[in-house]
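# Residue-level structure breakdown
Take a look at the letters that make up each chain.
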Amino acid sequence: MNFTSPRRRFASAAVAGIALSGLLAACGGSDSQDSGSDSAGPVTLDFWGWANGQEAVVKAFNASHKDVQLKYTKVTDQLTMQKQLTNAVKAGNAPCLLQNTGEYVTSWVSQGALADITQYVEGEKDKFNAGSWATGQVQGKVYGVPTASAPAFTIYRTDLFEKYGLKAPATWDDFIAAGKELKKHGVKITNYAGEDPSTLEVLAMQAGAHWYSIDGNAWKVNFKDEGTLKAAKVIQEIIDNDLNSKLSFADYAAVQRNYDDGGTATRQISTWQMSGMVQNFTKSFGDWALSPWPTFKGEAAKTPAGTNQSGNLTLVSEQCKSKEQAAQAALWMSTDTGAVKTMASPETGSGVMPALADSDAYVSEAISEKLLGKNYEPAKKVVSDSLGTVTSDWTFGPNWTAMFTEMQDEWAAVVSKKQKVTDLLDHMQEWTVNDLKQRGISVKG
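Heads up: these notes are all about the structure in this document. What you see is a predicted model, and the numbers here were worked out from it, not measured in a lab.

Conventions adopted
- Residues numbered from 1 in each chain as written.
- Predicted model: local features only at pLDDT ≥ 70, side-chain atom pairs only at ≥ 80, totals over all residues.
- Heavy atoms only, no water.
- Buried < 20%, exposed > 50% of the residue type's maximum accessible area, 1.4 Å probe, protein only.
- Helix = DSSP H or I, 4+ residues; strand = E, 2+ residues; numbered from the N terminus.
- Pairing = 2+ DSSP bridges.
- Core = buried A, V, L, I, M, F, W, Y, C linked by side-chain atoms within 4.5 Å.
- Contact = heavy atoms within 4.5 Å.
- Axes fitted to C-alpha atoms, helices over the stretch in contact; angles between N-to-C directions.
- Disulfide = S-S within 2.5 Å.

## Here's the deal with the pairing of strand S14 (residues 313-316)
- Alternating positions in S14 separate into two faces, Leu313 and Leu315 on one and Thr314 and Val316 on the other, with burial throughout.
- As judged from the four bridges shared by strand S3 (residues 97-100) and S14, these two strands associate in the antiparallel manner. Residue pairing for S14: Gln99 is matched across the bridge by Thr314.
- In the sheet, strand S6 (residues 144-146) pairs with S14 via three bridges, with the strands oriented antiparallel. Considered in S14, the bridge of Pro146 is made with Leu313.

## Some thoughts on the nonpolar core
- Ranked by internal contacts, the top residues of the largest apolar core, which has 58 residues, are Leu45, Leu97, Ile155 and Leu372.
- Setting aside residues no more than four positions away along its own chain, Leu372 makes contact with Ile155, Met274, Gly286, Trp288, Ala289, Leu290, Ile367 and Ala379.

## Some thoughts on the sheet that holds strand S10 (residues 218-221)
- With respect to topology, three strands assemble into an open sheet ordered S9-S10-S15, the strand pairing being mixed. With one partner strand each, in any of the chains shown, strand S9 (212-215) and strand S15 (443-444) form the two edges of the open sheet.
- As judged from the four bridges shared by S9 and S10, these two strands associate in the antiparallel manner. What sits directly across from Ile214, in S10, is Trp219.
- Helix H18 (residues 421-438) rests against S9, S10 and S15 of the sheet, and its axis sits at about 165° to S10.

## Describing the state of the cysteines
- As enumerated under the stated definition, the model contains one disulfide in all.
- Here Cys96 engages in a disulfide with Cys320; their sulfurs sit 2.0 Å apart. Taking the torsion about the sulfur-sulfur bond, which here is approximately 90°, the covalent link between Cys96 and Cys320 counts as right-handed. Of this pair, Cys96 sits in the loop between helix H2 (78-91) and S3 while Cys320 sits in the loop between S14 and helix H12 (323-335), and the two are 224 residues apart along the sequence. The same class applies to Cys96 as to Cys320, namely buried.

Worth remembering: the numbers are spatial, not functional.
The structure is reproduced here in structure tokens:
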């Protein structure tokens, strides 16, 4: 599914012991080193980010605000952000505002790096879709304003499905059955890159799994719950029956050629991933269509919250003196019509869907008519409908990035059939509990 990329391999700095109120209480930063200021004149807030379009948004903000100004610094990418933020927090000069993605929020909160901005933004909650709003929360407190959402769906080769008498898979059982038919003709139904276990993550998320949860004043770890095992069963059947390609995204162009040539017939993706297909395809324009994310048999539609969203949160640092102004600036960047349009457009921004509750107006810009051809109009409804079924109850644990790096190492053995998915889950259960204990964090599991 490839919701993630190697840039997620950043291992967080060791998390200090947590007691709750304790469990995720902020340590508190040094006000003396902050870019926000209470002195006379406009408040200047440092803002770090990497997404295309942010400089234009900052320019528009500064032109329309007299009392608050943003000073933008473009960071290379998500990985670089984590490294630079670690250094800035230690030095006591973290920026007031920073771009980041959902999987890092809990880790940064547990290190006391982020400010609780609930009181400044909770009144605007209804402007955002529930799934996106949830990514900025830890224990009911809000630490970030969402800037993008990731509607999830299946994109599939209509010519291949029609040629072999298949319909778009409505359930994962249908998906496996279609994969077995396509296999007879030398076509794989999906691709599992050996470095990318996000396939397991998103299916577990959809199935109602909770790898991390909070139990009293401790973290609870469970990689063997009912939802995860349900997801593991689907993945194992696909691997056991050789229904998947095994192309690494390290050679991105080769993966895209495989889709373009008809070697692999489907992807479970979001809108922003379609740009790579458009940029690399030469043969199959117009042969692709969208269908809803497959369900587990007998269950209602539920789609995972994509975890690798370009610019999905604007966070406020604990070291910021002007937290209220920073929170209001973050809200403006996510709700101002001009700012939202700038970021949503592939030409001026990142080509991502906004996090707003009513994002229908942006769907037509977020999907490619060139790629979908006659299937473009029906695709709009698929995207809009998926935004209403995104899961909003997934929790990223305080050692998520280190855990995910370990899972990446083990996932390759799953794809190559050297171990079962359940073997991986057993390992991750033991490893994650031990890692949290070594960090001095209270854990059950």
